[in-house]
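# Understanding the architecture of this molecule
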Amino acid sequence: MTIHLFGPDRQRVGYEDQEWAVWVLGLDDVHPKQTLSEALELAAELNATFAELRLRDSSEFAPVMYAVVLHRGYAWNQAVEHSFGLDCGHPDCGPCSFSRTAPKVAS
Ligand SMILES: [Zn+2]
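Residues numbered from 1 in each chain as written. Predicted model: local features only at pLDDT ≥ 70, side-chain atom pairs only at ≥ 80, totals over all residues. Heavy atoms only, no water.

## Observations regarding the pairing of strand S2 (residues 29-33)
- Pairing between strand S1 (residues 20-25) and S2: five bridges, direction antiparallel. Within S2, the residue paired with Val24 across the bridge is Asp29.
- Counted along the chain from S1 to the antiparallel partner S2, the turn is three residues long, and its residue Gly26 has a positive phi close to 110 degrees. (Pairing = 2+ DSSP bridges. Helix = DSSP H or I, 4+ residues; strand = E, 2+ residues; numbered from the N terminus.)

## What to know about the pairing of strand S3 (residues 66-71)
- Taking burial as the measure, the six residues of S3 include five buried ones, the bulk of the element.
- Pairing between S1 and S3: six bridges, direction antiparallel. Of the residues in S3, the one forming a bridge with Val24 is Ala67.
- Sheet analysis places S3 next to strand S4 (residues 74-75), joined by two bridges and oriented antiparallel. (Buried < 20%, exposed > 50% of the residue type's maximum accessible area, 1.4 Å probe, protein only.)

## Thoughts on the coordination of the zinc ion
- Ligation of the zinc ion by protein atoms is provided by His82 (NE2), Cys88 (SG), Cys93 (SG) and Cys96 (SG), these donors lying 2.0 to 2.3 Å from the ion.
- Its four donor atoms give the zinc ion angles of 106 to 112 degrees at the centre, a pattern that matches the tetrahedral case.
- In the primary structure, the donors to the zinc ion are separated according to the pattern H-x5-C-x4-C-x2-C. Pair noted here: His82 is in helix H2 (residues 78-83) and Cys93 is in the loop between H2 and helix H3 (94-99), with a separation of eleven residues, a long-range link.
- Residue His82 is classed as partly exposed on the basis of its relative accessible area, which comes to 34%.
- For Cys93, a relative accessible area of 6% translates into the label buried. (Donors = N, O, S within 2.8 Å, 3.2 Å for Na, K, Ca; no water. Tetrahedral: all angles 85-135°; square planar, octahedral: opposite > 155°, others 65-115°.)

## Considering the nonpolar core
- Formed by 16 residues in total, the largest nonpolar core has its most connected members in Trp20, Val22, Leu46, Phe50, Ala67, Val69 and Trp76.
- Those elements giving two or more residues to this core turn out to be S1, helix H1 (36-56) and S3.
- Ranked by the residues each element gives to this core, the list is headed by H1, at six residues.
- Setting aside residues up to four positions removed in sequence, Leu46 forms contacts with Val22, Val24 and Ala67.
- Ranked by size, the runner-up nonpolar core spans seven residues in total, among them Ala21, Leu25, Leu70 and Ala75. (Core = buried A, V, L, I, M, F, W, Y, C linked by side-chain atoms within 4.5 Å. Contact = heavy atoms within 4.5 Å.)

## Observations concerning the pattern of salt bridges
- Inspection of the entire model under this criterion finds four salt bridges.
- For Arg12, the salt bridge identified is with Glu16, shortest N-O distance 3.8 Å.
- A salt bridge links Glu52 to Arg56; the nearest nitrogen and oxygen atoms lie 2.6 Å apart. Within this pair, Glu52 and its partner Arg56 are both found in helix H1, separated by four residues, close to a single helical turn.
- We classify Glu52 as partly exposed; its relative accessible area is 41%. (Salt bridge = Lys/Arg side-chain N within 4 Å of Asp/Glu carboxyl O.)

This is the structure:
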């Protein structure tokens with residue numbers, strides 16, 4: 001089974017109502033996160049762990065696992081979000097910050 005995570009024919013693998021999440025391919029685990037930076041941190045940590053497992057067990061039967069950051073259920077990649085004309089969600093992204101016209105009011 002081939003999953004298209006990025007690009008024009010990308011498939012949703014998570015949930016639309018989760019703004020940020022980390023999805024583990026191979027385990028089909030979804031870990032919801034509050035922010036992009038938290039999601040990136042977890043994905044980096046998981047990928048480092050998976051790479052280490054791979055080094056220890058290089059048999060072709062060892063499952064291939066990797067973590068990807070999901071934004072509203074789709075694999076997150078800043079350039080792809082932009083190519084769809086979507087807000088990439090990165091707090092420091094200039095063009096997207098500019099179009100975030102609705103200010104968040106803290107009560
Ligand atoms: Zn952006």
